[in-house]
Amino acid sequence: MTTSPPAAAEDRIAALESLLADPAERLNPLGDEAVLAADRRGELPPGAESALGSFGLDAEFVPVALGGRLTGIATVAGMLRAVSRRDLALARGYGSASLLAAQFVWAYGTPEQQRGTARVLLAGGRLATGAYSGHGLAVVPRAGTARWQLEGSLPALANAPRAAGFVTAARHPADGGESVLLIHREDLPPGTVRACSPDEAPAPRRIPSGTLDFRGWPVPERSFVGRPGQGLPLTVRVLQATRTLGPWMALGCADTALRTVLRAVLGGGVRRITSRSTRQAVVAQFADLLVADCLLLVATRSLYLRPGLSSIWTAAARFLAPRLLQESTGDLRAVLGAQLLREDGGYGTFRKHLRDLGELPPGSAVDTRALSALLPHLATLARRSWTAADAGDIGELFLPDGPLPPLDLGRLDGAIGADPLTSMLADAASGPVPAALRHRLCELGLRLAELAEQCRRLPEHDPAAVANARGYAHAERYTLLVAAAACLGVWRSARRRPDGGFLADPSWLTVALGRISLRLGRPGTAPAPGPEEEAAEALFAEAVLRCRENRSLDLYETVLGSPAPGPRRG
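Computed from a prediction, not measured in an experiment: that's the story for all the values here. (Residues numbered from 1 in each chain as written. Predicted model: local features only at pLDDT ≥ 70, side-chain atom pairs only at ≥ 80, totals over all residues. Heavy atoms only, no water.)

Q: Explain helix H16 (residues 469-495) to me, please; I cannot follow it from the model alone.
A: Think of an α-helix as turning once every 3.6 residues; residues three or four places apart then point the same way. The end-to-end C-alpha separation of H16 is 40 Å, in line with the 39 Å expected for 27 residues at 1.5 Å each. Most of H16 is tucked away, with 20 of its 27 residues classed as buried. Between a side-chain oxygen at the N-terminus of H16 and the backbone nitrogen of Arg470 the separation is 3.2 Å; the capping residue is Asn468. (Helix = DSSP H or I, 4+ residues; strand = E, 2+ residues; numbered from the N terminus. Expected span 1.5 Å × (residues − 1). Buried < 20%, exposed > 50% of the residue type's maximum accessible area, 1.4 Å probe, protein only. Polar contact = N/O pair within 3.5 Å; in protein donor to acceptor, adjacent residues only side chain to side chain.)

Given below as structure tokens:
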């Protein structure tokens, strides 16, 4: 078993891009046409999982100390984004389902549990997790013994029919707690796992799914991850650490959707786009994509660099990023019009990715859960933070390629008394910035002051008192302000770097903050149209250029299908 350090993250992502190859290439077995054809058949692309296995993507889910290459969520999220640009179902079925389950074992499992799980994953096995929906299960005392048994069922678990192991949460009625279980398939009696019929299968339907039924199954002692009945804090921390993984993949999906629309209207690059509405829709989606990625960058890095503050930022990202991507990608349908029904020219690929985005949470339950994580903190932050004096030195959060220390889940804290990120907006307009950008920053500073005034009226330390429509509206506005601060931080960081390139240009930030102000519902007095229009045109030109150069439309400008990392443009 090797414990040698893995190659740099950008090199591993570039190597994966080389395997996945150019998505626009017609003969590419993992390209857009091949993936779309497999989607029509209701299956994953033929040979895709074996190709990822040969590449060694499984090792990205296993810590270095156990023979893998996992050094943190940030790098593997970037790799799964690359897969999601081709097929979200492939990324979820092959990668995220197993990765999420394994996080419980890496963080809280015994050495024996960790070694066994590493062997399963490195051999190409799959895991399934019901830790998000384990309330259908209960661990109860086994009559006449000091042992436990498992009762109940878990419906429609991704990977269940082929999983070698299951990680799930179960109620522990004996003490009102919760247990986390690692269940080996070989320990289960026949009939425990039942494959879902097509009508029962959850979205996306191409991932093999199944239901687990337990009727008095005796739970082996080795199945408990942590102590029986003490699993709730474990679950909370692991879910916090993995909140941004789904949105990372959703962004890859939205990236491809915008690219296919641009290719369709550009006609292979030979046409110019003169329609004002088309240009506006492209700019809006590109700006929202950048907003989402800035928020995801900051939230993910905060887990490592500011773990005691990260819970509010990861909750904001979990709620807002997928919502932005779903809404603005859906707006691109108007660009294609009646041609949306065509199958050629990427139209089918756009529809597939739009559908995949719609099938990825947030749903109402995830929305409520993410916003509920914010509610207890709003009154406290309004009283103790959100002023210019509270904007601390957090520049390391804004570096797309900055180094990260090991993740320590024990340092994740639910008691938040400061918010240096959002506090950046309180005095953001000071300093030399273009007039149009200063207008947007002043506007957002006012919106933050308004939110602070409203939240100071809320009771502290009483989440139930604010769990209502008004409280959730405050929480949603807060997520938009967090996103604005993340964008501002990324721009400022890029300006200080000699290779800042596109991210150092104020044009994208001006448009992005305008989109946030629009969603806040109080856009205020619009700045002079000239600078705003110039900023939008610059963003449109960048989107077209990246499409022609086959570069990703996120913060990283990844060359798609590149055999080696391409230099960023300065």
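Q: Help me understand the packing of helix H5 (residues 88-108) against helix H7 (residues 232-241), please; the structure alone is not making it clear to me.
A: Pairs of packed helices are described in terms of their axes, by the angle between the two and the distance that separates them. Across the interface, H5 lies against H7 with an axial gap of 10 Å and an inter-helix angle of 120°. As far as their axial angle goes, H7 and H5 are oblique. For the pair H5 and H7, the crossing hand works out as right-handed. Packed against H5, whose contacting residues are Gln103, Phe104 and Tyr108, the element H7 presents Leu234, Thr235, Arg237, Val238 and Leu239 at the interface. A breakdown of the residues in the contact of H5 with H7 according to their chemical character gives five nonpolar, two polar and one charged. (Axes fitted to C-alpha atoms, helices over the stretch in contact; angles between N-to-C directions. Parallel < 35°, antiparallel > 145°, perpendicular 65-115°, else oblique. Left-handed = near helix turned anticlockwise from the far one by under 90°. Contact = heavy atoms within 4.5 Å. Nonpolar A, V, L, I, M, F, W, Y, C, P; charged D, E, K, R; others polar.)

Q: Before we go on, may I ask you to explain the environment of Pro376 in this structure?
A: Along the chain, Pro376 turns up in helix H13 (residues 364-384). Look at Pro376 and you get partly exposed, because its relative accessible area is 32%. In the structure, Pro376 is positioned 51 residues away from Leu325 in sequence and 27 Å away in space, judged by C-alpha atoms.

Q: Even after reading the chapter, I still don't get the environment of Leu407, so can you show me in this structure?
A: Topologically, Leu407 is positioned in the loop between H13 and helix H14 (435-455). Each C-alpha atom of the pair Leu407 and Leu303 lies 7.0 Å from the other, and the pair is 104 residues apart in sequence. Other than its neighbours up to four places away in sequence, Leu407 contacts Ala241, Leu303 and Tyr304.

Q: I keep staring at the pattern of salt bridges and nothing clicks. Help me out?
A: Summed over the entire model, instances satisfying the criterion amount to 40 salt bridges. Measuring nitrogen to oxygen at the nearest pair gives 2.6 Å for the salt bridge that ties Arg279 to Glu537. Of this pair, Arg279 sits in helix H9 (residues 276-305) while Glu537 sits in helix H18 (residues 529-549), and the two are 258 residues apart along the sequence. Taking the shortest distance from any N to any O, the salt bridge between Glu460 and Arg384 comes out at 3.7 Å. Placement of the pair is Glu460 in the loop between H14 and helix H15 (463-466) and Arg384 in helix H13, with a sequence separation of 76 residues. A relative accessible area of 49% means that Arg384 is categorised as partly exposed. What emerges from the salt-bridge pattern is a single network uniting Glu17, Arg81, Arg85, Arg86, Asp255, Arg259, Asp293 and Asp554. (Salt bridge = Lys/Arg side-chain N within 4 Å of Asp/Glu carboxyl O.)

Q: Before we go on, may I ask you to explain the state of the cysteines in this structure?
A: Note on terminology: disulfide describes a covalent bond linking the sulfur atoms of two cysteines. A complete count under the given rule lists zero disulfides for this structure. Lacking any disulfide linkage, Cys253 is separated from the closest cysteine sulfur, that of Cys547, by 16 Å. Free of any disulfide, Cys294 has its nearest cysteine sulfur in Cys487, 4.0 Å distant. (Disulfide = S-S within 2.5 Å.)

Q: Help me understand the pairing of strand E3 (residues 148-158), please; the structure alone is not making it clear to me.
A: Side-chain direction in a regular strand flips from residue to residue, so the side chains alternate between the two faces of the sheet. Here five bridges tie strand E2 (residues 137-141) to E3, and the two strands are oriented antiparallel to one another. Bridge pairing in E3 links Leu137 to Gly152. Adjacent in sequence and paired antiparallel, E2 and E3 are bridged by six residues, among which Gly144 carries a positive phi angle near 75°. Relative to strand E7 (residues 209-219), E3 runs antiparallel, the two sharing nine bridges. By the bridge assignment for E7, Gly152 is matched with Phe214. (Pairing = 2+ DSSP bridges.)

Q: Could you clarify how one ought to interpret the packing of helix H8 (residues 245-266) against helix H12 (residues 347-359) in this entry?
A: Packing of H8 against H12 leaves a shortest axis separation of 9 Å and a crossing angle of 155°. In terms of their interaxial angle, H8 and H12 are classed as roughly antiparallel. Here H8 and H12 pass one another in a crossing that is left-handed. Only Tyr347, Thr349, Phe350, His353, Asp356 and Leu357 of H12 make contact with H8, whose side of the interface consists of Ala250, Cys253, Ala254, Thr256, Ala257, Thr260, Val261 and Ala264. Each residue belonging to the contact of H8 with H12 can be placed in one class, and the counts come to nine nonpolar, four polar and one charged.

Q: Help me understand the environment of Leu44, please; the structure alone is not making it clear to me.
A: For Leu44, the location among the structural elements is in the loop between helix H2 (32-41) and helix H3 (48-55). Residue Leu44 is classed as buried on the basis of its relative accessible area of 13%. Linking Leu44 and Ala89, residues 45 residues apart in sequence, is a C-alpha distance of 7.4 Å. Residues contacting Leu44, with those up to four places away along its chain left out, are Ala38, Glu49, Asp87, Ala89, Leu90 and Arg206.

Q: Mind showing me how you'd approach the nonpolar core here?
A: Most often, soluble globular proteins have nonpolar side chains that are buried together. Counting residues in each nonpolar core, the largest one holds 155 residues, and the members touching the most others are Trp386, Tyr478 and Trp508. The leading source of residues in this core is H9, at 18 residues. If we skip the residues at most four places from it in the chain, Trp386 touches Leu378, Leu381, Asp419, Thr422, Ser423, Ala426, Leu448, Leu451, Ala452, Cys455 and Tyr478. Grouped together as the second largest cluster of nonpolar side chains are 19 residues, Val139, Ala163, Phe166 and Leu188 included. (Core = buried A, V, L, I, M, F, W, Y, C linked by side-chain atoms within 4.5 Å.)

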